[in-house]
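# Fold and geometry: a report
So the chains spell out like this:
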Amino acid sequence: MTTAVTEATQAIKFTERINRIEPSATMAVVAEADKLRSQGIDVVDFGAGEPHFATPQHIKDAAIAAIQGNFTKYTAVPGTAELRDAIVHRHAIDFDSDYRREEAIASVGGKHALFNAIQVLVDHGDEVILPVPYWVSFKDIVRYAGGNCVLLETDENKGFAVTAKMVERLIAPRTKLIILNSPSNPSGAVMSFDDMAEVVRLGAQRGIWVMSDECYVYLNYAGKRFSVGSLREYRDRMIVVGSLSKTYAMTGWRLGYALGPAAVISAMQKLQSQSTSNPTSIVQKAAVAALEGPQQCVEDMRQEYIKLRNHVVSGLRSIPGIKCTMPEGAFYAYPNISGFFGRGVKSAAEVAGKLLREAHVATVPGEGFGTREHIRVSYATSIAELDRGLERMRKFFGSL
């Protein structure tokens, strides 16, 4: 039966666009870890980029009230007026932006908003500047749209920093879009406000779009948080993408958003109308409660992540042969494990695979993020779980 299915699948001719992309590396790790768990194996999961906190109670209560109140019908494709107003209001309070309702769209997660924005902005042959290491989906979403990624290599010894000068050197006649992700997934690097502002200015000056992925904007440990959305004079060439997933521990709820020129938002709405239509109605009510309700939960989680970051980086650095930069945001460490190459492993993918199969610790190999010498370790878990995983890693690497 399995052989027949495989042969039938191989005989199917898929579209060229679907053959351009690969499955998400992070989702592949999640699936493999789940498979081991189903066999009764105890897996320490450092793979998934997901808060270990429960969604705050007032947000859950709003969803329950929405169900009880029968708020279960279709809404407008880009989200209810109430939600879009809440998105722009929260962003204005926190980042001094000045968007209007028609310049906001709610989508089924931040990834969906990114996908829609890239599909409406990037055409065949367009070039997109993308800093390395990059979040796994950026490259494939650009390729699905027919665009070509121009990779901006960063220096690990400088904390994977991205500067405006580095970006400017890669600008060419076919450059259509520059993608910024600060704090970065997977490195945790935070781009300075001055450099981000200069990139936005360059984009506006040269007719190039700048997309700022602000998924981790509230998890900035380097100083005052900021958004390019505050640069009001350049808003005509800028797309801000955000998510409630990490900010409010709402990953499974799937609610993201984009802020940008009304014409771009309208085009994204058109695309969304032919795919998912509106985000789940119940989730929209929960999102309003998150955005309009008390924000202390956001700061409480941020403070806890700082403790977890310090703990995991200290633990990783204590393992002989591992180097690890100090992440300035998000909730990932990105250790360099190349010192073990030639000891029965020759790539990050092999290290991550053996770590999972032999030590039962799930990590994501750096190849999915554009580097070959690293693994991504999510520290969004408890101190006790970090210690369990670090001890397994210490024994594993010690045996190589």
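Here's what I pulled together on the structure shown here.

The rules behind the values
Residues numbered from 1 in each chain as written. Predicted model: local features only at pLDDT ≥ 70, side-chain atom pairs only at ≥ 80, totals over all residues. Heavy atoms only, no water. Axes fitted to C-alpha atoms, helices over the stretch in contact; angles between N-to-C directions. Helix = DSSP H or I, 4+ residues; strand = E, 2+ residues; numbered from the N terminus. Left-handed = near helix turned anticlockwise from the far one by under 90°. Contact = heavy atoms within 4.5 Å. Buried < 20%, exposed > 50% of the residue type's maximum accessible area, 1.4 Å probe, protein only. Pairing = 2+ DSSP bridges.

## Structural notes on the packing of helix α4 (residues 57–68) against helix α11 (residues 281–292)
The contact between α4 and α11 brings their axes to 8 Å, and the two run at 145°. When the axes of α4 and α11 are compared, the crossing they make is right-handed. Here His58, Ile59, Ala62, Ala63, Ala66 and Ile67 of α4 come into contact with α11, specifically with Ile282, Lys285, Ala286, Ala289 and Ala290.

## Notes on the environment of Leu355
Summarising the element assignment, Leu355 is placed in helix α13 (residues 348–359). Judged by its relative accessible area of 0%, Leu355 is buried. For the pair Leu355 and Cys324, spaced 31 residues apart in the sequence, the C-alpha separation amounts to 18 Å. Those residues in contact with Leu355, other than ones at most four positions away along the chain, are His360, Val361, Thr363, Ile375, Met393, Phe396 and Phe397.

## Side note on the sheet that holds strand β4 (residues 148–153)
Strand order in the open sheet formed by seven strands is β2-β8-β7-β6-β5-β3-β4, with mixed pairing between adjacent strands. Of all the strands in the sheet, the pair left with one neighbour each is β2 (104–107) and β4. Neighbouring strand axes in the sheet, compared pairwise and without regard to direction, differ in orientation by 20° on average. The strands that helix α10 (residues 262–273) touches are β2, β6 (209–213), β7 (238–243) and β8 (256–259); relative to β2, the one it contacts most, it runs at about 25°.

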